[in-house]
Amino acid sequence: MIDVIDLKKSFGKVDVLKGIDIKINKGDVVVVIGPSGSGKSTFLRCLNCMEDPTGGQIIFNGVDIADPKVNINIHRRRIGMVFQHFNLFNNKTVIQNIMLSPVLCALSDRRKAIIRNIFSKKKEPVRSKDEIKKTEKENAMKLLARIGLEDKANAYPSTLSGGQKQRVAIVRSLAMNPDVILFDEPTSALDPEMVGEVLEVMKELAKSGMTMVIVTHEMGFAKEVGSRIVFIDEGVIKEENNPKDFFDNPQDPRLKEFLSKVLI
Amino acid sequence: MNFEAKINKFIEILIDYKGYVKVIEGLENTLKIAILGLVIGIVIGTLIATVRVIPKYKTLPRVLNSICTFYVGFFRGTPMVVQLLLFYYVALPLMGINLPSVSVAIAVFGLNSGAYISEIMRSGIQSVDYGQTEGGRSVGLSFATTMMKIVIPQAVKNILPTLGNEFIVLIKETSIVSFIGAADLYVAFNYIGSNSYEFMVPYLAMAIIYIVIVCIITVLIKFMERSLKKSDRRN
Ligand SMILES: Nc1ncnc2c1ncn2[C@@H]1O[C@H](COP(=O)(O)OP(=O)(O)OP(=O)(O)O)[C@@H](O)[C@H]1O
Ligand SMILES: [Mg+2]
């Protein structure tokens, strides 16, 4: 689904990613670990071009989205992202947060369909604006029910706990019906007692077959949920393996050292 | 003449000699110029501020940015009276355009406040956490949509007091439009004064009207601030 070929990224003179190759298939749960500053976030953010790669290709559903000429917004609809600091829209209620992009995208598709209908004999069906909003609202409520936060639909993000915010952020990305969701340390900004509820939602997602790429320091979670673990260090993938072999039988010396520090 | 006589004289001209018609006309023009100027200024200012925060590694944003720098430099670097005179007596005649002085005043006030508001708006946009932009972009919204729906509404909330200040400045600055022959409050009260050969009371009345307008605006802004704050409150 995502085919990363020789991905490079530098900030000015600093080369952060020095050539990353990885294939992410449908249903994969790829967990990325590595020391601080090794480029994990940068790698993840290149996958949906939040950072523009300085070299290499990212083939997503057959299109190289690293090419600056492609309309990245269209592809980002299919790539969800969950941030360490949630990044919920502070000026919108919970349900508006979830509905905003699905509604806007549907409306813009609707406009395009109307224009196409003018020029072609074959008329495609066009939903009314109210219908679009109604469908998306129902969908958003269903998603909220999934995380048990229906009663917060009309609350503003500032009134939620960290764990609630992150769960809302996850369903916000789900609302776009993405092919893959990227997680950048989704539990690092949470109080310890809220980490569990967020990991629970992510586990469920993984079970439902969602393709996920997760940067995390939660080794237990990585072992349990990951289908593949990737160790990024010094801008390259030093090791990539299934969870069992990765943790029980690491090969790379830097990984051995890293694991000895984080697995006490 | 004692003060009471002066007031009587003022009221006589105001009522019997239809001075109030001039005052109402002046008030109308003052409000028209300030309000429409502010609206135009907010539109221009928001556009410029948006151009200023676009990432600059493509050519088009860089060119737009230079144009905006020049624009802001011109309108902040010259007095508004000079801009009024330049537009009314130089630029428009050269282009062969003939506009009523009030329209020219509205345009110049809009262009001028656009320059100031762009700086206010830019600091407002920069006060909004960059995560908001990232959140918007990550769900597939374009830069423009993210700005319009997410960032600018929050920026406006942050800069509302400063924006209110700008409006108050505009209201008071309208007193210069008589330079191009537009009838504002100053012209109205000057008319009353010169008809009675007595300026003390008319100018005092003019000052009071300005103060009342400014007080009303201040209250309105407080009210708007409070209603916009609802997303900050825990409920
Ligand atoms: N926008 C940027 N401009 C310049 N340098 C950057 C930028 N973003 C990241 N870097 C640098 O790139 C390197 C990798 O950063 P990155 O955030 O990807 O690391 P990370 O592996 O996610 O670390 P952490 O575990 O601390 O989150 C760091 O040295 C960082 O200073
Ligand atoms: Mg990081």
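In short, a report on the structure. For clarity, every value in this text was computed on a predicted model and none was experimentally measured. (Residues numbered from 1 in each chain as written. Chains lettered and ligands numbered in written order. Predicted model: local features only at pLDDT ≥ 70, side-chain atom pairs only at ≥ 80, totals over all residues. Heavy atoms only, no water.)

**Topic: the overall build of chain A**
Then comes step 1: A count of helices and strands for chain A gives nine helices and ten strands.
Then comes step 2: For a compact globule of 264 residues, the expected C-alpha radius of gyration is about 18 Å, and chain A comes in at 20 Å, within 12% of that figure.
Then comes step 3: Seen through its C-alpha atoms, chain A measures out along the principal axes to roughly 65 × 40 × 35 Å.
Then comes step 4: The proportion of buried residues among the 264 residues of chain A is 54%.
Then comes step 5: Considering only intrachain contacts with a sequence separation of at least 6, the fraction spanning at least 24 residues in chain A is 66%.
Then comes step 6: When the accessible surface of chain A is split by element, carbon and sulfur atoms take 50% of a total near 12,200 Å². (Helix = DSSP H or I, 4+ residues; strand = E, 2+ residues; numbered from the N terminus. Rg over C-alpha atoms; globule rule 2.2 N^0.38 Å. Buried < 20%, exposed > 50% of the residue type's maximum accessible area, 1.4 Å probe, protein only. Contact = heavy atoms within 4.5 Å. Areas by Shrake-Rupley, 256 points an atom, 1.4 Å probe, with all protein chains shown as cover.)

**With respect to the site of ligand 1**
Residue and element names in this part refer to chain A.
Then comes step 1: Every residue lining ligand 1 is accounted for by Phe11, Val16, Pro35, Ser36, Gly37, Ser38, Gly39, Lys40, Ser41, Thr42, Glu185 and His217.
Then comes step 2: Within the side chain of Thr42, one N or O atom sits 2.5 Å away from an oxygen atom of ligand 1.
Then comes step 3: Interatomic distance of 3.2 Å between a side-chain N/O atom of Glu185 and an oxygen atom of ligand 1.
Then comes step 4: Across the shell around ligand 1, the residue classes tally to three nonpolar, seven polar and two charged. (Near = heavy atom within 4 Å. Polar contact = N/O pair within 3.5 Å; in protein donor to acceptor, adjacent residues only side chain to side chain. Nonpolar A, V, L, I, M, F, W, Y, C, P; charged D, E, K, R; others polar.)

**Some details on the sheet that holds strand E1 (residues 2-11) of chain A**
Residue and element names in this part refer to chain A.
Then comes step 1: Taking strand neighbours across the sheet as the criterion, the four strands line up as E2-E1-E4-E5 in an open arrangement whose pairing is antiparallel. At either margin of the open sheet sits one strand with a lone partner, and together these are strand E2 (14-24) and strand E5 (63-64).
Then comes step 2: As defined by bridge partners, E1 adjoins strand E4 (residues 55-60) across five bridges and the pair is classed as antiparallel. Looking at the pairing, Lys8 lines up with Gly55 of E4. (Pairing = 2+ DSSP bridges.)

**Re the interface of chain A and chain B**
Then comes step 1: Every contact between the two is made by 24 residues of chain A and, on the other side, 23 residues of chain B.
Then comes step 2: Of the roughly 2,100 Å² buried at the junction of chain A and chain B (both faces included), carbon and sulfur atoms supply 52%.
Then comes step 3: Among the residues of chain A in contact with chain B, A:Phe89, A:Asn91 and A:Tyr156 are the three that bury the most area, contributing 22% of the side total.
Then comes step 4: Counting the contacts that link chain A with chain B gives one salt bridge. (Buried area = accessible area lost by both parts, 1.4 Å probe. Salt bridge = Lys/Arg side-chain N within 4 Å of Asp/Glu carboxyl O.)

**Structural notes on the packing of aromatic side chains**
Then comes step 1: The final tally for this structure, using the stated rule, is eight aromatic pairs over all chains.
Then comes step 2: Centroid distance B:Phe10 to B:Phe189: 6.4 Å. Interplanar angle 20°. Geometry classified as stacked. Here B:Phe189 lies in helix H8 (residues 185-196) and B:Phe10 lies in helix H1 (residues 3-15), a separation of 179 residues in the sequence.
Then comes step 3: Residue classification places B:Phe10 among the buried residues on the basis of a relative accessible area of 11%.
Then comes step 4: One aromatic cluster in this structure is built from B:Tyr71, B:Phe74, B:Phe75 and B:Phe87.
Then comes step 5: One residue, A:Arg172, lies across the ring of A:Phe89, its end atom 4.4 Å from the ring centre.
Then comes step 6: For B:Lys22, the ring lying beneath its charged end belongs to B:Tyr191, and the centroid distance is 4.7 Å. (Phe/Tyr/Trp six-rings, centres within 6.5 Å; stacked < 30°, edge-to-face > 60°. Lys NZ or Arg CZ within 6 Å of the ring centre and 35° of its normal.)

**Looking at unusual backbone geometry**
All names here are of chain A.
Then comes step 1: The backbone of Cys49 sits at a positive phi, close to 60°, despite the residue not being glycine.
Then comes step 2: Inspection of the secondary structure assignment puts Cys49 in the loop between helix H1 (40-47) and E4.
Then comes step 3: Here Cys49 falls in the buried class, since its relative accessible area comes to 6%.
Then comes step 4: For Asn87, which is not glycine, the phi torsion reads 55° and is therefore positive.
Then comes step 5: Relative to the helices and strands, Asn87 resides in the loop between strand E6 (79-82) and helix H3 (94-119).

**Considering the packing of H1(B) against H8(B)**
All names here are of chain B.
Then comes step 1: Look at H1 against H8: their axes get within 10 Å of each other, and the N-to-C directions meet at 120°. The two elements H1 and H8 cross, and the hand of that crossing is right-handed. Residues Lys9, Phe10, Ile13 and Leu14 of H1 touch H8, and the partners they reach there are Phe189, Ile192, Asn195 and Ser196.
Then comes step 2: Of the residues that constitute the contact of H1 with H8, the class distribution is five nonpolar, two polar and one charged. (Axes fitted to C-alpha atoms, helices over the stretch in contact; angles between N-to-C directions. Left-handed = near helix turned anticlockwise from the far one by under 90°.)

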